[in-house]
Amino acid sequence: MKHICPVCGKSNGCAIEIGIDPQLCWCMSIKVPKSLLETIPSEQRGKSCVCKACVLVYKQKFEAIHTWVEDAVLDLRYMTKNNFVGDVMYPKAFDCLRVGTLDKLKQAADALRSMGYRIVVWDAYRPRFVQERFWDLIQDDRFVAPPWIGSSHNRGCAIDLTLADLEGNLLNMPTDFDCFSESAGAYASIEDEEIEKRLRTLQACMTSAGFLVYRHEWWHFVDSEEDLYRVENDIKW
Ligand SMILES: [Zn+2]
Ligand SMILES: [Zn+2]
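> Quick rundown of the sheet that holds strand β5 (residues 158-165)? Include the residues and the values.
Think of a sheet as strands paired side by side through backbone hydrogen bonds, with each pair either parallel or antiparallel. Reading across from one edge, β2-β4-β5-β7-β6 is the order of the five strands in this open sheet, with mixed pairing throughout. Because the sheet does not close on itself, it has two edges, and the strands there are β2 (73-74) and β6 (211-214). Bridging between β2 and strand β4 (residues 117-123) involves two bridges; their strand directions are parallel. Looking at the pairing, V73 lines up with V120 of β4. The sheet contacts of helix α5 (residues 99-114) involve β4, β5, β6 and β7 (217-223), and relative to β4 the element is tilted by about 140 degrees.

This is how it looks when you write it as structure tokens:
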């Protein structure tokens with residue numbers, strides 16, 4: 001039964017079972033979330049590999065941020081007029097991300113909480129039609145991805161975030177959200193030592209959970225497995 005995927009019951013294409021070098025197996029390049037393995041009945045757990053298709057279906061699903069990080073503070077700026085456009089940009093709250101990304105976000109949020117922080121979410125999934133409006137306003141690809149390429153937000157695997165204390169009070173960071181200047185850089189010089197330390201803590205927790213820092217915007221983090229996700233123009237939400 002070692003070649004059977006415990007989730008779908010089909011062949012799992014396990015490298016060892018089909019006799020190829022385990023180092024060449026797909027599972028060496030795609031992270032299998034622990035939370036997926038926990039959905040397998042305990043008597044079947046650890047006996048055979050989950051197949052690639054099941055891992056992808058699981059990671060590509062969209063779920064609410066609060067399902068994974070209960071204490072996340074949602075301050076979705078594009079749901080309000082408090083953003084660089086000055087207008088409500090989203091027809092509904094897209095307080096969601098891919099499960100593969102949420103699995104990493106939970107790990108980062110757990111680490112941050114143990115240090116006295118809660119995450120504050122400014123943006124997560126963003127429909128592609130909104131990307132077109134942003135591009136019309138800011139044609140600078142350091143700050144807005146051109147819609148024909150698509151932003152990692154359009155793929156549902158990027159998050160814009162800042163930090164609050166455990167009571168939910170917003171903490172000072174280098175700049176406000178959507179500050180389109182050099183001072184928004186992830187490694188721009190910061191005079192205030194406390195703010196610098198706070199940003200480095202956020203970056204360390206996000207990168208060790210599997211996110212990449214974006215050098216032009218300190219608040220923007222992208223899932224290192226971005227290639228698993230395609231641009232979505234709208235999602236049922
Ligand atoms: Zn399967
Ligand atoms: Zn962003």
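> Let's hear about the domain arrangement of the protein chain: which residues, and what values?
Many structure descriptions define interface size as the accessible area lost when the parts assemble. Assigned domains within the protein chain: domain 1 (1-60) and domain 2 (62-228). The C-alpha centroid of domain 2 is placed 31 Å from the C-alpha centroid of domain 1. With eight residues of domain 1 at the interface, the matching set in domain 2 holds seven residues. Of the residues that constitute the side of domain 1 that touches domain 2, the class distribution is four nonpolar, two polar and two charged.

> Tell me about helix α6 (residues 128-137), and please be specific about residues and values.
Residues of α6 that are buried: V130, Q131 and F134. Within α6, the buried residues cover an arc of 105 degrees as seen down the axis, which keeps them to one side.

> Please set out the environment of S11 residue by residue, giving values where relevant.
The residue S11 is located in the segment before α1 (15-18) in this model. On the neighbour-count criterion, S11 (12 C-beta atoms within 10 Å) is exposed. As for S11 and D160, which are separated by 149 residues in sequence, their C-alpha atoms are 39 Å apart. Leave out the neighbours within four places in its chain, and S11 touches H3 and I4.

> I'd like a rundown of the nonpolar core, residues and numbers included.
The biggest cluster of nonpolar side chains holds 37 residues, and the ones touching the most others in it are I65, L97, I119 and V121. Listing elements by their share of this core, those giving two or more residues are α4 (65-68), β3 (96-98), α5, β4, β5, α7 (193-208) and β7. Considering every element that reaches this core, the biggest residue donor is α5, with six residues. Excluding residues within four positions of it along the chain, I119 makes contact with V69, A72, A109, L112, L161 and L163. Listed in part, the six residues of the second largest apolar core include C5, C14, C49 and V50.

Reading the values: the criteria
Residue numbering note: each chain is counted from 1, following its sequence as written. Labels follow written order: the first chain is A, the first ligand is 1, and so on. Only residues with pLDDT of at least 70 are given local features in this predicted model, and only at 80 or more are side-chain atom pairs given and counted; all residues enter the totals for whole chains, interfaces and linings. Pairing between two strands is assigned when DSSP locates at least 2 bridges connecting them. Secondary structure follows DSSP: runs of H or I at least 4 residues long count as helices, runs of E at least 2 residues long count as strands, and numbering of each begins at the N terminus. Once C-beta atoms are placed from the backbone, any two residues with those atoms within 7 Å are in contact. An axis is simply a line fitted to the C-alpha atoms; with a helix, the fit covers only the stretch in contact. Between two such axes, the angle follows the N-to-C directions and lies from 0 to 180 degrees. Domain extents, as shown, originate in an automatic or database domain assignment. Residue type decides the class: Asp, Glu, Lys and Arg count as charged, Ala, Val, Leu, Ile, Met, Phe, Trp, Tyr, Cys and Pro as nonpolar, and the leftover types, Gly among them, as polar. Residue burial is a threshold on neighbouring C-beta atoms within 10 Å of the residue's own C-beta, all placed from the backbone, with 20 or more meaning buried, 12 or fewer meaning exposed, and counts in between meaning partly exposed. Here, the arc refers to the directions that run from the helix axis to the C-beta atoms. Only buried residues count toward a nonpolar core: Ala, Val, Leu, Ile, Met, Phe, Trp, Tyr and Cys, linked into one set through C-beta atoms within 7 Å.

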